[in-house]
Every structure is written in C-alpha cells, then in structure tokens.
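Chain and residue survey
What follows is each chain in one-letter form.
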Amino acid sequence: MIENSVLISTSSTLDTMRRLLTQLLENREVDSVFALRETRQEGRYCYSLITDPSLVSEVLPFHPVMPVQGARALSNLTITEPFDRPVAALLRPCEIRAFVENVKQSQGSLENIFIISCTCPGVIPASRLLGEERDEVLRNPDENIRNACRACTEFIPGAQADMTVIIASDKPLDGAVIYLHSERAVETAEKFDSCTLEKGPPPTELTSELLEARGKALKELLRDIPAPGDGLRSLVSLFSACIGCRGCREACPLCSCVLCDYETARTAHSPELVRAEAKRKGSLRVPSGTLQFQLGRLMHISPICTSCGQCSDVCPVDIPVSDIFIRAANLVQESLNYFPGRDTDDTPPLATFVEKELLDITD
Amino acid sequence: MSNTESRKEINSILIDIVEKALGSGIIGSVMVPSRGPENSFPWTLISDVSALERAEPLPPVMSVHGAKALASFTQSPSDGRLLAVMRPCEARAAVELSKLEQINLDNIILLTMDCPGAVPLSEYGEDGTIEPDLHHPDTLRPLCRQCIEFTSKGDLCLAIHGGLSMVVPLTTRGDELLDSLGMKAESDTSAWKEWASGLGQEREITRTESTDNLQKAYNGLQGLIEAFSGCISCRSCRTVCPICYCRLCFIDMKDRRSPASEYLERSRNSGATRLMSDTLLFHIGRMAHMSLSCVSCGMCEDACPSDIPIGRLVSMVSDNTTELFDYNAGSNSEDPLPLNTFRLEELHEYED
Amino acid sequence: MKETAGTKHRSSSNSWSAEIMDDFEPRIIGFLCNWCSYAGADLAGTSRLKMSPNLVPIKVMCSSRVDPEMVTDAFLRGADGVLIAGCHPGDCHYDKGNYYARRRFAVLKKVVESLGLEAERLRLSWISASEGARFQQVVEEFTEKIRKLGPNPTGKETLL
C-alpha cells in the first residue's frame, strides 16, 4: 500500500533532492531532468532540461522563483510529440495543474513525465530578486511571496505527482521528507541510500495551519470585488498605465493560441471605427481596446486559470492582473463546478454541459 | 530654468498650438498623450477642444510608443487633417511605419519638440514626481541618455533651446500649417542649431562609451548568452516595439516547433539546455528583422521586466546594419527601405 | 439650462459617472437565433404586437454562435444592454448549441460580476418561434430595466 509512504532523510532537502536526481540520471531511470537552475547571471534563473548527472549540482529544486511558468516550458517541449523516455520534472502544484489543462487542449503530453512536486510555500516576484534587496528578500521568503501565492489554497499537488517534497509545512522539519505516490516513486526510493521509508500522516496534516492562513488571504482578495457599477472606474484606473506589452498573455501558461484572437484582423478595430468613435466621444484612448483585450482574456482563461500569478509578475507597470484573474476564476469555476488541473479526464468546462444547470442566469 | 518648468513650458506652448489648430478647424483631430488616472499618460485621439484640458503633449514617461499608437488607426488615409504631437524618435518611427505601409501619412502632420528624454517607467512608478532632466542623465532612460536625434524631426519642431521659443517648420507641410495659423515668424535659429550640435556631440561620446561598455560586458556568444540569461520570453520587447508590427511573429509559427527528442538531443550535446529555448534565436532574429528601421526609442528596454539592456543592444546592432546602407531610420521619407532596393555595385566585400 | 449629455461628459473629468436622463432611450443589441428567437420576433411583428423600438436585432444561426467577444465589444462600445436569445433547452436546431451558449454566457456574466461591472445589462432568454408574445414581453421588460439603470457609462468613457 503506497498511501502516505514517505522517504525520510537526515540530510537537507536540497542535498537529498540533488542526490535523488543524480541517482535517477545515473541509473538511467530517467533520461533527463527538468528543473530550475541559476543562470550565469546572479539572481536570474531558468528552467533547464538536464541530461548530464554532473550538472545536477546546479539544480535549485523549488527555489522560490518562477522565471517561466513550468507548464509553458513543458508544453513547448512536448507539443509536437511526447517524451519517448522518462524525464523527471520538478513542478509546483500550479504548474502541474496548468500543464494538465495544456494536455487537455492538445498543447502537451504527460507521457513519460515523472513528476516531483512539493507542498508549495510560494514564489517571490522576479523583480524583487533583481535589485540589491535580493539577499534580504531571500532570507524572508514568506513575507515576500506573490499576492497570488499568499492567497493560494491549492499548494498540495494533486494526483499527477509521483512524489511530493515537503517544503511548506506548519512546523520546521529536520532533513528531507518526501511523500511517494506511485509504484515508480517507491521503486526509486527503495534504491536510494541513507534514507528510511516510513508511513507518515497525510501531507494535509503537516500544513493545516498554512491552509487556514491562505484561505483567509483568499477570502480577503475575493472581498475586494467592486460593487456592481463601480467596477468600470476602477478598471479604467488600473489599466490606464497599461503599455500594451501583452506580457501577461505571453507569460500565461494557459494562453496557448499561436495567434491571439486580439491580434487578428477579426477583432481589430478598423481605422475608420476608431476615428469615428474618437469623434463621437470627443477623445479616445489609442491604441483602443485595452479593456477589450483584458476582458477577452478573462473570458478565455478564467474557466481554467490556475491562479499562478505569473501575469502580475511580468507586468512592467505593476498592474495586479492576477488579483483580477483570481477573482474572476473563483466565480466562474464555482458556477461551472470545474476544478482546473484536477484530472486529464475532466472535460474542459466549455466543451460540455449539464442539462439542468445555471438556471438562475437564464429565463 | 528648472527642468519642471521647461517641460511645463513646452507643454503649454504645444497645447496652445494644438488648441488654435483644432479650434479653428485647420486640423480635424489631434493625437496627443493625456493625463490619465494613477499617474498614467495614455495616448488620446482628440477632436473636441475641451478634451485638451487633460492633454500633456510631453509627459515625463513614454507609455506606448507614439508611432504605434498612430498606426492603430491610420492604416487607411485619415478623413480630416490630423496633427500628431510626438517625440522625435516617435516621428521617425512613424516615417518608418509609413514605408512599411502601417501608417498612411497623407493627411497627417507630425509636430515634435526639443526632447528632454523620458524617465524609466519603473522609476516613475507610483509617486510620479520624477522629472526627465536633460542635464542630469541619471534621470533619463538609458537610451535617452545616448540619444543623438533629440530634435528637428517631423514636419515641425518646437525649439526651446538656444534662446528660442518657437515652432520651426521642417517641411512644406509644416510651413503650411504655421502659415495658416498665422504663426510664422522669421527668426535666427543659428543659436538653436549650435545648441543641438553641442548636445549631439556630448551624446555621441556617451553613445560610444556605452557601446564600448556593452561590447566589453557582452562579448561574443557567451556574452550574448549572459545578456539574455534573464529573458523570460514574455516578448514584451517585441510587442512594444513600434517597428515590430507583424501579427504573427516568425518565432511563434507552428512550423518552428521542435519535437521533445530534438530538445533532448540539444541537452545531450552540452549536458543541459535552457528552457524556454530559442531565446537567442528570437532576439537575434528580431534584430535582423527590425534593426534597419530601429529608431533607438528604448521602448523595449523600458518594458523588459528582467532589466536586460536590450534597447542598447539592439541600437548597437542597428548602428552596424544601417551603416552598411548609409541609412538613417526615419530621417527621410524619400529614402527607400534598404532591403527593398539595391545598387548594382555595392557590398562586394560580402561576396566572392 | 439643461446641459446636454455630450457637453457635460466631454468636459467632465469623471466621465464614467452614469446619469439618468428623462429622455434616455436605451440602445440594446439583440443576438437572435435564426430558428427560434428571430422567428419569434417575426411573429411578434406579423401579429402587430407593439413594443419598444430599442432593440437592434442581429440574426445569428444559433445562440452558440455568439462569441462572448461580440458581447463585450458591444458592451464596451456603449450598448446599454445586450440580449442573447435562442431556442429553449432541448429544442436547439443543432441539438445542443444552446447548452454550450448558456455555459459561455455564465462565464461572461461571472467575469463581468467579478469586475464590478453591471452584469444586469446582459441577458440570456429562451424564446421559441411560436412565442411572439414572449418576445414582446422580454423586449419590454429588458428595455424598462435598462431604462432604470440608465446609460451604460462605457458609452462615454474615453480611456477604455
């Protein structure tokens, strides 16, 4: 019985993870490792596909940054064909969920991916790691994580994870604690030296206080929805500084269209229309369509948004895009009774229906 | 004159001109930045004089590039005459975009000014008090510090240096507008031109120094890899670039996708491969596509959330590529795009 | 002297403030499905049922043809209300189109709610080809509701 099997090691989590990954590569249990590394420039990180065991020493497992949403990088790798040999991928819970959504939309494949995830303490906005405050910020990661992470209640990975490394927990741990969820994970752990295999309490028991704190933060975030009718003004204010860089879209793991609807001639406002509109109103912001783009993206993404916060992270003018998406996603997903990333077998919410549902919004 | 006052002065003169032109019906509409909420300066297309109340023709920051804003509604010829108030680098990009058939300049008059430069978006931030100061380069965006095309672009230019405070016409179109506004005054512009050449020389030095430093810091392949190691593939540099106008960029095309096996192959070659891959291909590819028309406006660098000196790098490359064809982007609307023309006898050193 | 809406807004800095005017005539965009609701509208017409002229009908082949994009475009460009009307559940000419339309409409409605925009300006109604009277009733009801809400502030907002 695999349930709640746990690998315990007295050495640090970082050390244990690196040894584990090295073993996986050296024993040819996997062909490659998908994980975070620091680049040659301090404070800048990237995901890498590593095949040489000696380079595992550079891996920073679950370092509190997300330079690229992992799902986006994995989708890039597997969009034309799945891996034909096993790869160990270190992914955060929101990255797994986003990737599951990618797979549903034929934007990637989970085949041959051995997923090592963690109880996620959150990540720090990339901009905070570029300046001089970096060391200070890294010393207190909990106080500096993204807004989205602060309000994340889904920090324990779902069924796709083969292993869960306990990173976030209510009480500090001595050494490494790794939960094993699959036969393969147990086999791997059995070959791993200097560790013990035990039965532990369910991971939820290690993080109940954290869940409570996160739940509270989420409630607060959701409370900030403007009253009906007050929203336009605040939306216009929020996006008045938008420079139209579309970084939010490009960084979003779920915005996977080759050509965004809002770059097409179909949705573009014609020159004649823009000029007529400007004449009618006396003044018009150009390029027009800032809110149209944001609303459109909300419409497309909110049903499957995994609330990772990447959109806010990349915004060069600090618009809290993810706060808006998290609010919308909560309402939308609740009404469609959909949980993004739970299972590849769940039908995407707009590709299915229930005969008797949503009766309150129609007449 | 303090810098705040000078920007205020420029703004009030420009608004006066615009008001006069719009109010008298000489032009039908004007495109100009306006003060928005939260210290923002969105571009606005204005046809009602009363909306000029919020106009700020020379804001402290560059939010969206003026040529990009202009291109969003001028692909077909404008029905009435349109006056666009923009910085010199924006006017130059507008000329490039007209060559690329993204803007139809037929009914458009470009009014520029002696540009003091702009404050980096990230530093302007929430308080919104920093002023761009010509004499204190550290207040300016890196590309503005080394800008040598800071004046005399477009159809007319508001000159405020060298003892002037007047609009100087640069084309017949500009001449006509001034005429119809009854604003034409003979004046000696030699001191202004002297000021421009003086600052130009200073800026040339800064530019050379900056290029040298860049080349030292990011030399060769390893240097480039390092320069772009922080790239998160957000493509903001491309999206905010006035010259990158393609709806679908080459890098995003489906036929460029590679199978997982190819990435593994790459990883085996060196032990590890960086993801998202193709970072260098994207940036070098972009430079190849747009560097000939690059106006060194620095939008890309301002938008980069990873603080990569991308604007300076592209501008440096642009210096090299434009030199090949003796081309200066946006300076003359009659010069054909270098890649749309050729001479029989040229570039022999690149062939054998 | 009564200020006209236009001048008041153009000079005002908070142009988003909605105002109720006595002479306000709502402009409502109606996406009507070809097989049921458009036929219902036709029937209302041939039956000479009187109704407000505020609805601008746009014929679509199915309520599921209505891309939420079309609705937000209308909404952001100043439509005071947007009605989507299709066949009753179970009666879709294309079998199940209206069920999908309902889900998409739910997304639209919730997104709009989450932003504090006026979700009441959006409506999804099932109207069959034989329900001329119901078509009239929906149009009347919705027009009245929008009239009470006042003009959509997006119509005058210059910084969208």
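Look up: the structure comes first, before these words.
Description of the structure in this document. (Residues numbered from 1 in each chain as written. Chains lettered and ligands numbered in written order. Predicted model: local features only at pLDDT ≥ 70, side-chain atom pairs only at ≥ 80, totals over all residues. Heavy atoms only, no water.)

1. Some thoughts on the overall build of chain A
- Counting secondary structure elements, chain A contains 15 helices and nine strands.
- Its C-alpha atoms give chain A principal-axis dimensions of roughly 75 × 55 × 40 Å.
- A burial count over chain A gives 59% of its 363 residues as buried.
- Taking the contacts inside chain A whose residues are at least 6 apart along the sequence as the reference set, 75% of them involve residues at least 24 apart.
- Total accessible area on chain A stands at roughly 14,400 Å², and carbon and sulfur atoms take up 50% of it.
- Taking the average location of the 37 positive side-chain charges in chain A and that of its 51 negative ones, the two points are 7 Å from each other. (Helix = DSSP H or I, 4+ residues; strand = E, 2+ residues; numbered from the N terminus. Buried < 20%, exposed > 50% of the residue type's maximum accessible area, 1.4 Å probe, protein only. Contact = heavy atoms within 4.5 Å. Areas by Shrake-Rupley, 256 points an atom, 1.4 Å probe, with all protein chains shown as cover. Lys, Arg positive; Asp, Glu negative; His and termini not counted. Charge placed at Lys NZ, Arg CZ, Asp CG, Glu CD.)

2. Structural notes on the sheet that holds strand S2 (residues 55-60) of chain C
Residues and elements named next belong to chain C.
- Here four strands make up an open sheet; going across it, the order is S2-S1-S3-S4 and the pairing parallel. Of all strands in the sheet, those bounded by a partner on one side alone are S2 and strand S4 (122-126). Adjacent strand axes in the sheet meet at a mean angle of 20 degrees, parallel and antiparallel pairs treated alike.
- Summarising the sheet, strand S1 (residues 28-33) and strand S3 (residues 81-86) pair through five bridges and their orientation is parallel. Looking at S3, one finds that Ile 28 is bridged to Gly 81.
- This element, helix H5 (residues 132-149), spans S1, S2, S3 and S4 of the sheet and lies at about 165 degrees to S4. (Pairing = 2+ DSSP bridges. Axes fitted to C-alpha atoms, helices over the stretch in contact; angles between N-to-C directions.)

3. A closer look at the packing of helix H11 (residues 279-290) of chain B against helix H13 (residues 310-325) of chain B
Residue and element names in this part refer to chain B.
- Close contact between H11 and H13 brings their axes to 10 Å; oriented N to C, the two are set at 50 degrees. By the angle class used here, H11 and H13 are oblique. In this structure, H11 meets H13 at a crossing whose hand is right-handed. Taken together, the residues of H13 that come into contact with H11 (itself represented by His 283, Arg 286, Met 287 and Met 290) are Ile 310, Leu 313, Val 314 and Val 317.
- Among the residues forming the contact of H11 with H13, the class breakdown is six nonpolar, one polar and one charged. (Parallel < 35°, antiparallel > 145°, perpendicular 65-115°, else oblique. Left-handed = near helix turned anticlockwise from the far one by under 90°. Nonpolar A, V, L, I, M, F, W, Y, C, P; charged D, E, K, R; others polar.)

4. Description of the nonpolar core
- Phe 34 of chain A together with Leu 70 of chain B are the most contacted members of the largest nonpolar core, which totals 164 residues.
- Of the residues forming this core, the biggest block, seven residues, is contributed by helix H15 (residues 321-336) of chain A.
- By size, the runner-up hydrophobic cluster in this structure holds 31 residues, among which are Leu 20, Val 30, Leu 180 and Val 186 of chain A. (Core = buried A, V, L, I, M, F, W, Y, C linked by side-chain atoms within 4.5 Å.)

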